[in-house]
Amino acid sequence: MEDRMAGKNKMLQDAEILIKSYNSLFKRGTDIYLKEAKKMRSDSGRTFIQDDKLENHLNNDLDEMFNEEFCTEGEYDLYLMENMGKKIISGSTQEIHKVFKYRDKLYEEWDVTPVQELGNITPEEYFSKIEDLDILIEIFKLYAVKSDYKMPDAFLKKLKVYGNECIDIIIKLAINEVPYYFKEMFNMSEIDYIPDKTREYFTVSLTAIEILGSWKIEEVIIPIIELLQNIPSVIYDVDSMDGFYNSKNDDIDGYMEMYRSNIRDALVSIGSSAIEHILNVFENIEEYDENHEYIAMALAEIGKENRSDRIYRTLKDAFLNMDNKIVGSSCLGIYGDCRAITALRGYVKKNLNNLDRETFYEIKKAVEDLGGNMDDIKFRGPAVDLNLH
């Protein structure tokens, strides 16, 4: 027993070494970004020769840099980092794409690159020699909490070897303790923060949902839909929020959003086999809430490749009945059935005097995405909005 425990501890220590190595790849990707950006500044006509897929990825946003004057190399590094950071924070997909391209290439190489601290075996070799599912699950938890990026492909490949036995455990990690930890969090009203143990559990749970979705595990469809439907009663209680500090409120809202988003994305990843279960939710609905918005988003994304009259009617009814018309109209636009143009235009005409600017123009966008237009319908709104337009 002691030998087994010692062996397990050694494997987990080695896993931590790998996680540290794995996490360093983002910095290495950023270093490549800086290096190539400098080359671009000294020779704006330079192209990348080491990988065609990376060619000219830095060309787009660097012209502004060529006219800057820098006294030292460190000053230029700082400028590049600030420029990149600002664009990432502002949601510049081009800039994010550049850095992630470098990093993803490094991740692919990492699986088969020897690690000196582990006796020069590769991560792929390290994971392949583990023959204990319990240890693999502990490593899963470590990666979920401590890794800066998705789990390594070599590790996920090893997990899959254990088939349904592994899947059952990951489903439990995703679902079983979520209500307990949220209730416990609310019961601890005397503290103004969320304990590390709770944060770690949520991180593991959310990661498990993401992995199950990427594996297209159909058995998880009903459990995650039921979990999503329980979010208002289990996770969010307005009365119990009154005594919480704002930081704790923000954390709770953040976890709610992460569960909704991860469950939506998992359903989309699983695909058409989730459609019937989602339709059953809407066909037995008593009252729409925010969680149904995320289920509708999933249905629209999956349904656009699997169209049917039943899906169209469900999305149209969801738009008409849910409070958030922006989400509802967006779902119809994504789904792509031009029959929705009439429903969307009809709603706008009927409610024109009550629509705020954002809702009006989001519905207008959905109509245009479907091939129609609302050129004959002018936004009215409050006088203050008219002055801003």
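All of these numbers come straight from a predicted model, not from anything done at the bench.

Undergrad: Is there a simple way to think about the pattern of salt bridges in this case?
TA: Side-chain pairs of opposite charge can arise whenever the charged atoms involved come near each other. Across all of its chains, the model carries 15 salt bridges by this definition. The salt bridge partner of E301 is K304, with a shortest N-O separation of 3.1 Å. Classification of E301 by relative accessible area gives partly exposed; the value is 29%. A relative accessible area of 33% means that K304 is categorised as partly exposed.

Undergrad: Whenever I open this one, the packing of helix α16 (residues 309–321) against helix α17 (residues 325–335) confuses me. Can you help?
TA: When two helices pack together, their arrangement is given by the angle between the helix axes and by the axis-to-axis distance. At their nearest, the axes of α16 and α17 sit 8 Å apart, and the two run at 160° to each other. As summarised for this structure, α16 and α17 are arranged roughly antiparallel, according to the angle between their axes. With respect to the hand of their crossing, α16 and α17 are arranged in left-handed fashion. On the side of α16, the interface is formed by I311, Y312, L315, K316, F319, L320 and N321, while α17 contributes K325, G328, S329, C331, L332 and Y335. Of the residues assigned to the contact of α16 with α17, the class counts are 8 nonpolar, 3 polar and 2 charged.

Undergrad: What exactly am I supposed to notice about unusual backbone geometry here?
TA: Peptide bonds are, in most cases, trans, and in most cases residues other than glycine have a negative phi. At N120, a position not held by glycine, the phi torsion is positive, near 65°. Relative to the assigned elements, N120 resides in the loop between α4 (93–110) and α5 (123–128). Within the chain, K216 stands out as a residue other than glycine whose phi angle is a positive 60°. Of note, K216 is situated in the loop between α10 (196–214) and α11 (221–229).

Undergrad: When you look at the confidence of the model for the chain in this model, what are you seeing that I'm missing?
TA: Low pLDDT means the predicted atomic positions in that stretch should not be read closely. Overall, the predicted model of the chain reaches an average pLDDT of 82, with 74% of residues at or above 70. In the model, residues 233–238 has pLDDT below 50 throughout and makes 15 contacts with residues more than four positions away in sequence or in other chains. Segment residues 383–389: pLDDT under 50, and 9 contacts once partners within four positions in sequence are set aside and those in other chains are kept.

The rules behind the values
- Residues numbered from 1 in each chain as written.
- Predicted model: local features only at pLDDT ≥ 70, side-chain atom pairs only at ≥ 80, totals over all residues.
- Heavy atoms only, no water.
- Salt bridge = Lys/Arg side-chain N within 4 Å of Asp/Glu carboxyl O.
- Buried < 20%, exposed > 50% of the residue type's maximum accessible area, 1.4 Å probe, protein only.
- Axes fitted to C-alpha atoms, helices over the stretch in contact; angles between N-to-C directions.
- Helix = DSSP H or I, 4+ residues; strand = E, 2+ residues; numbered from the N terminus.
- Parallel < 35°, antiparallel > 145°, perpendicular 65-115°, else oblique.
- Left-handed = near helix turned anticlockwise from the far one by under 90°.
- Contact = heavy atoms within 4.5 Å.
- Nonpolar A, V, L, I, M, F, W, Y, C, P; charged D, E, K, R; others polar.
- pLDDT = per-residue confidence, 0-100.

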